[in-house]
Amino acid sequence: MPARTGPIVVLTGAGISKESGLDTFRCAGGIWSQVSLEDVATPEGFARDPDRVQAFYNDRRRGLQAQDIRPNAAHEALARLERDWPDEVLLVTQNIDDLHERAGSRRLLHMHGELRKVRCTSCEAVHAWDGDLGAADACLACGTAGRMRPHVVWFGEIPLGMERIADALDRCALFMAVGTSGTVYPAAGFVAEVEQIGRAHTVELNMEAGHSASLFREVQQGPATRLVPAYVDRLLAEGIPG
């Protein structure tokens, strides 16, 4: 029997970047245990104290550019899957870092935005931005000062690319979730959407079972740097299970 192929959707969360040395938000000792998300990750928090919010993301941006923060074997394996798989591979990430890009992924959708980009609230232009962002900075497109914000999706805002994601989930033959807790919606509901359609294999690769683990047809536990390269090898050699 020939190997089963077809479109693949991969969802990644904070667990894959944690192995590159980036702090996660929700785990014990994570960022949300140190700072209130209501203060730095909501539109209301930004309206109350924009300087505090900008300082928070400036720190995150500088940390991402540290010399020891690099893509790991899991990032590289997913880039290889995209390159070598005979059908479409869409990588959807909840992470706002750029480690997937640096590993070589190109068909990539940042549903929660990107840390190394900023957005103008006057004209909605999005710009690459590696330095600190402050109130005096002007939009490179419209010239308005004081209206720039991090290009990240805050709590209460709609994630990016949802129509494209829905279309890919509807057509996929494999849905793979890597390093995600299964607690943040709408991403946490993707596996239920795929299972409702009923024609795709679903697999969770996680350090420990996520909140939606029972919905997946296959669950493997362990570090992403071990599980993901092995699973990609299996896919490229044998095709999609089932």
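Just so you know, these numbers come straight off a predicted model, no measurement behind them.

## Some thoughts on the UniProt feature "binding site: Zn(2+)" (unreviewed entry) in the protein chain
- UniProt records the feature "binding site: Zn(2+)" (unreviewed entry) at Cys120, Cys123, Cys139 and Cys142, using the numbering of this structure. These annotated residues cover 23 residues of sequence, but their C-alpha atoms sit close together, with the largest distance between any two at 8.6 Å.
- The topology assignment puts Cys139 in the loop between strand 5 (126–128) and strand 6 (148–152).
- Not counting residues within four places of it along the chain, the set of residues in contact with Cys139 comprises Cys120, Cys123, Ala125, His127, Thr144 and Met148.
- Positionally, Cys142 belongs in the loop between strand 5 and strand 6.
- With residues up to four places along the chain from it excluded, the contact list for Cys142 reads Cys120, Ser122 and Cys123.

## Description of the packing of aromatic side chains
- Counting across every chain of the model gives four aromatic pairs.
- Judged by centre distance (5.2 Å) and plane angle (45 degrees), the rings of Phe46 and Trp154 are tilted. Of the two residues, Phe46 sits in helix 3 (residues 43–48) while Trp154 sits in the loop between strand 6 and helix 7 (162–171), which places them 108 residues apart along the sequence.
- Note on Phe56 and Tyr57: the rings are 4.9 Å apart at their centroids and 85 degrees apart in plane angle, and the pair reads as edge-to-face.
- Feature note: the residues Phe46, Phe56, Tyr57 and Trp154 constitute an aromatic cluster, connected by ring pairs.
- Above the ring of Phe56, the side-chain terminus of Arg60 is found at 4.7 Å from the ring centroid.
- Here Arg149 stacks its cationic end above the ring of Trp154, 3.8 Å away from the centre of that ring.

So, how was this worked out
- Residue numbers run consecutively from 1 along every chain, following the written order of its sequence.
- Two thresholds apply to this predicted model, a pLDDT of at least 70 for residue-level local features and 80 or more for giving and counting side-chain atom pairs, whereas whole-chain, interface and lining totals are computed over all residues.
- Only hydrogens and water are set aside; all other atoms, that is, all heavy atoms of the structure, feed into the side-chain values.
- UniProt positions are given in the numbering used here, feature names are shortened, and annotations may be inferred rather than shown by experiment.
- To qualify as a helix, a DSSP run of H or I must reach at least 4 residues; to qualify as a strand, a run of E must reach at least 2; elements of each kind are numbered from the N terminus.
- Whether two residues are in contact is decided by their heavy atoms, any of which lying within 4.5 Å being enough.
- Each Phe, Tyr or Trp ring, with Trp reduced to its six-membered ring, pairs with another whose centre is within 6.5 Å; inter-plane angles below 30 degrees give stacked pairs, above 60 give edge-to-face pairs, and intermediate values give tilted ones.
- By definition, being over a ring means that NZ of Lys or CZ of Arg is both within 6 Å of the ring centre and within 35 degrees of the ring normal.

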